[in-house]
Amino acid sequence: MSDIVKFNETIAALERGEVRVAEKVNGEWKVNSWVKEIILSGFRLGKLADMSQGQFSFLDKDTIPVRKFTVENGVRIVPGGSSVRTGAYLAPSVIMMPPAYVNIGAYVDEGTMIDSHALVGSCAQVGKHVHLSAASQLGGVLEPVGALPVIIEDNVFIGGNCGIYEGTIVKQNAVIGTGVIINASTALYDATTGEYIRANENGQIIVPEGAVVVAGSRPVSKGPGAEQGIHLYCPVIVKYRDEKTSGSITLEDMLR
């Protein structure tokens, strides 16, 4: 099988949701490095082409066009500048508000809403019934091929202007408050236990199931910064999800 045939078949399987960049195996997320390798081969195999649409310029490798949808896909994409790159999966019942962007290799499961100005980066994995609020970003990662992407599990609510980066895993039912930034270099403080959650051996922060995370700060512990009362940014788990929290973030069924 030629490289271009292998690439095209893998892209088609990604778009059908039959193949994923990462998947849960025995309760643990594992990356399928071979899928990333094939995606990367598309950049090498392609040639720069003019795929402009109307007045909008679009110049990219001819192997990686914008993905096209039909009514049979069951995805709602509201007009206004949104786009989905080829090789991304959007399940039936996904809603995408304008303008938003989903990159190659991403997986977005059923019932999820991608709000205006939101980004689902390359290879990011998003579960069922997730709300990705306006202007939030899920970081992408194609290289190194063995690195896990950002993973958002089922029933997670991500508030506006959030940034989830560097392979962070947000476990199911978590709530990420407006403006929270989570990456591998910023420890997450759990105010319910008094302990910090730091990156694991794979360099990832794992947000616990049902955690409610808000933007916070912590004081500099030594040096001139400590003497002057300087604080550093720190995401804080203030509690774990309860009925009150769930009620405040429930989406109206009318939106579906």
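Residues numbered from 1 in each chain as written. Predicted model: local features only at pLDDT ≥ 70, side-chain atom pairs only at ≥ 80, totals over all residues. Heavy atoms only, no water.

Comments concerning the overall build of the protein
Reasoning step 1: A count of helices and strands for the protein gives 4 helices and 26 strands.
Reasoning step 2: Relative to its length of 256 residues, the protein is compact, with a C-alpha radius of gyration of 19 Å against a globular reference of 18 Å.
Reasoning step 3: Overall size of the protein, expressed as C-alpha extent along the three principal axes, is 60 × 45 × 45 Å.
Reasoning step 4: Looking at the protein residue by residue over its 256 residues, the buried ones come to 45%.
Reasoning step 5: When contacts within the protein are restricted to residue pairs at least 6 apart in sequence, long-range pairs at least 24 apart make up 37% of them.
Reasoning step 6: A total accessible area of about 12800 Å² is found for the protein, and carbon and sulfur atoms account for 52% of it.
Reasoning step 7: Measuring between centres, the 22 positive side-chain charges of the protein sit 3 Å from its 27 negative side-chain charges. (Helix = DSSP H or I, 4+ residues; strand = E, 2+ residues; numbered from the N terminus. Rg over C-alpha atoms; globule rule 2.2 N^0.38 Å. Buried < 20%, exposed > 50% of the residue type's maximum accessible area, 1.4 Å probe, protein only. Contact = heavy atoms within 4.5 Å. Areas by Shrake-Rupley, 256 points an atom, 1.4 Å probe, with all protein chains shown as cover. Lys, Arg positive; Asp, Glu negative; His and termini not counted. Charge placed at Lys NZ, Arg CZ, Asp CG, Glu CD.)

A closer look at the side chain of Thr-63
Reasoning step 1: Assignment of secondary structure puts Thr-63 in the loop between β4 (59-61) and β5 (76-77).
Reasoning step 2: Within the structure, Thr-63 has its side chain in polar contact with the backbone oxygen of Gly-42 (distance 2.6 Å).
Reasoning step 3: Among residues more than four places away in sequence, those in contact with Thr-63 are Ile-4, Phe-7, Gly-42, Phe-43, Leu-45, Gly-46 and Thr-86. (Polar contact = N/O pair within 3.5 Å; in protein donor to acceptor, adjacent residues only side chain to side chain.)

Some remarks on the nonpolar core
Reasoning step 1: Grouped together as the largest cluster of nonpolar side chains are 39 residues, with contacts concentrated most on Ile-114, Val-120, Leu-138, Ile-152 and Ile-176.
Reasoning step 2: Among the elements of the structure, β7 (89-90), β10 (107-108) and β25 (211-219) are those that each provide at least two residues to this core.
Reasoning step 3: Membership of the second largest hydrophobic core comes to 13 residues, among which are Val-35, Ile-39, Ile-64 and Ile-104. (Core = buried A, V, L, I, M, F, W, Y, C linked by side-chain atoms within 4.5 Å.)

What about the pattern of salt bridges?
Reasoning step 1: In this structure the tally under the stated criterion is 7 salt bridges.
Reasoning step 2: Note that Glu-15 and Arg-67 form a salt bridge whose closest N and O atoms lie 3.9 Å from each other. In this pair, Glu-15 sits in helix α1 (residues 3-16) while Arg-67 sits in the loop between β4 and β5, placing the two residues 52 residues apart along the sequence.
Reasoning step 3: The partner of Glu-18 in a salt bridge is Arg-16, with the nearest N and O atoms 3.0 Å apart.
Reasoning step 4: Among the residues examined, Glu-18 registers a relative accessible area of 55% and is labelled exposed.
Reasoning step 5: Members of the salt-bridge network, linked through shared partners, are Lys-24, Glu-153 and Lys-171. (Salt bridge = Lys/Arg side-chain N within 4 Å of Asp/Glu carboxyl O.)

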